[in-house]
Amino acid sequence: MIDPSGNGAPPALHELTRRGPKARRAPVIVDRLLAEYGEDPVELDHDGVFQLLVATILSAQSTDKKVNEVTKTLFAKYREPADYLAVQDEELQEDLRPTGFFRQKTKALKGVCAALLERYDGEVPLRIADLISLPGVARKTANVVLGEAAPEEHLADPDAGIAVDTHVKRLSRRLGFTRQVDPIRIERDMMNLLPKQQWPRASLVIILHGRRVCVAQRPRCGDCLIEDLCPSSLAAGRRDLAGQARGLG
Ligand code: SF4
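Keep in mind that this is a model prediction, so the values were computed, not measured.

Engineer: Explain the nonpolar core here, please?
Structural biologist: When a protein is soluble and globular, its nonpolar side chains tend to lie buried together. Grouped together as the largest cluster of nonpolar side chains are 37 residues, with contacts concentrated most on Leu53, Val54, Leu74, Tyr84 and Leu134. Discounting chain neighbours no more than four positions away, the residues touching leucine 53 are Val112, Val124, Leu134, Val137, Thr141 and Val145. Counting residues in each nonpolar core, the second largest holds 28 residues, with Tyr37, Val168, Ile226 and Cys230 among its members.

Engineer: How do you make sense of the pattern of salt bridges when you look at a structure like this?
Structural biologist: Two side chains with opposite charge may pair up if their charged atoms get near one another. Counted by the stated rule, this structure contains 17 salt bridges. Linking arginine 32 and aspartate 228 is a salt bridge whose minimum nitrogen-to-oxygen distance equals 2.7 Å. Placement of arginine 32 in helix α1 (residues 22–37) and of aspartate 228 in the segment after α12 (199–212) is noted, with a sequence separation of 196 residues between them. Judged by its relative accessible area of 27%, arginine 32 is partly exposed. Put simply, lysine 77 and glutamate 91 hold a salt bridge, and the shortest N to O gap is 2.8 Å. Residue lysine 77 is located in helix α3 (residues 64–77), and its partner glutamate 91 is located in helix α5 (residues 89–96); the two are separated by 14 residues in the primary sequence. Here glutamate 91 falls in the partly exposed class, since its relative accessible area comes to 37%. Connected through shared salt-bridge partners, Glu43, Asp64, Arg211 and Arg212 make up one network.

Engineer: Can you walk me through the packing of aromatic side chains in this structure?
Structural biologist: One pair of aromatic rings is described through two measures. These are the centre distance and the angle between the planes. Scanning the model with the defined rule gives 2 aromatic pairs in all. Measuring from centroid to centroid gives 5.9 Å for phenylalanine 50 and tyrosine 84, while their planes differ by 75°, and the two rings are edge-to-face. Here tyrosine 84 lies in helix α4 (residues 81–85) and phenylalanine 50 lies in helix α2 (residues 49–58), a separation of 34 residues in the sequence. The residues phenylalanine 50 and tyrosine 84 share a single accessibility class, namely buried. Their ring planes at 15° and their centres at 4.6 Å tell us that tyrosine 78 and tyrosine 84 sit as a pair that is stacked. Accessibility expressed as a relative area gives 0% for tyrosine 84, which makes it buried. Through a chain of ring-to-ring contacts, the aromatic side chains of Phe50, Tyr78 and Tyr84 assemble into a single cluster.

Engineer: Looking at this structure, I do not really get the packing of helix α8 (residues 139–149) against α12. What am I missing?
Structural biologist: The description of two helices packed together rests on the angle between their axes and the distance between the axes. Contact geometry of α8 with α12 gives a least axis separation of 8 Å together with a crossing angle of 110°. Classified by the angle between their axes, α8 and α12 sit roughly perpendicular to one another. Along the contact surface, α8 presents Val144, Gly147 and Glu148, while α12 presents Pro200, Arg201 and Leu204.

What counts and what doesn't
- Residues numbered from 1 in each chain as written.
- Predicted model: local features only at pLDDT ≥ 70, side-chain atom pairs only at ≥ 80, totals over all residues.
- Heavy atoms only, no water.
- Core = buried A, V, L, I, M, F, W, Y, C linked by side-chain atoms within 4.5 Å.
- Buried < 20%, exposed > 50% of the residue type's maximum accessible area, 1.4 Å probe, protein only.
- Contact = heavy atoms within 4.5 Å.
- Salt bridge = Lys/Arg side-chain N within 4 Å of Asp/Glu carboxyl O.
- Helix = DSSP H or I, 4+ residues; strand = E, 2+ residues; numbered from the N terminus.
- Phe/Tyr/Trp six-rings, centres within 6.5 Å; stacked < 30°, edge-to-face > 60°.
- Axes fitted to C-alpha atoms, helices over the stretch in contact; angles between N-to-C directions.
- Parallel < 35°, antiparallel > 145°, perpendicular 65-115°, else oblique.

In structure tokens form, the structure reads like this:
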């Protein structure tokens with residue numbers, strides 16, 4: 001009998017393998033990642049949804065470590081949306097400078113804070129449609145913020161989906177969940193594969209696995225908790241389906 005797992009021993013007929021249908025593998029893979037990382041899936045330090053939104057905006061083109069260094073003092077100085085609007089741009093730019101792109105981030109943050117005050121009484125709305133109506137907030141940020149800060153609202157929201165960043169893009173291809181490169185199409189493929197109750201945190205735990213184990217260059221397949229279900233496992237001599245040669249990070 002041919003061994004479809006590539007591991008040597010023939011699998012039992014009911015056993016799920018790396019060559020099993022993606023519709024069966026995907027929820028099992030995400031379940032394992034949730035069990036491993038689900039307790040604390042966001043590495044951005046925050047207290048409440050507003051701070052999470054601010055930290056997520058600052059994390060663009062930066063590392064969570066750098067953002068956490070900055071927000072440690074930032075969140076003590078600026079507590080509410082009005083606080084960000086009360087200072088001159090130059091002062092906020094200096095506070096954000098270490099995260100990079102500080103002029104754009106100052107503009108984005110002030111735009112979001114102004115919209116929160118004008119339209120939502122200074123509170124962060126817990127609906128995807130409202131979140132993406134804020135200036136500079138895209139589906140990815142909206143899904144990360146709502147999925148982490150308000151998973152129940154995320155579950156009930158007809159516009160909610162799955163955040164696709166560079167890690168989700170890479171892993172979803174490596175794991176054979178999609179062949180797409182466009183984030184919107186990847187999101188659609190993932191939504192078709194995963195049960196809705198996994199949506200709020202699926203991308204959060206996939207992102208963590210992408211940072212810690214399934215890194216872009218030389219994924220650590222030997223240490224991977226989903227290796228037996230991965231069609232790209234280098235440990236099993238498989239080819240990387242993410243297509244690194246085509247520039248996917
Ligand atoms: S087996 Fe390797 S390629 Fe597959 S998910 Fe794990 S680390 Fe990534």
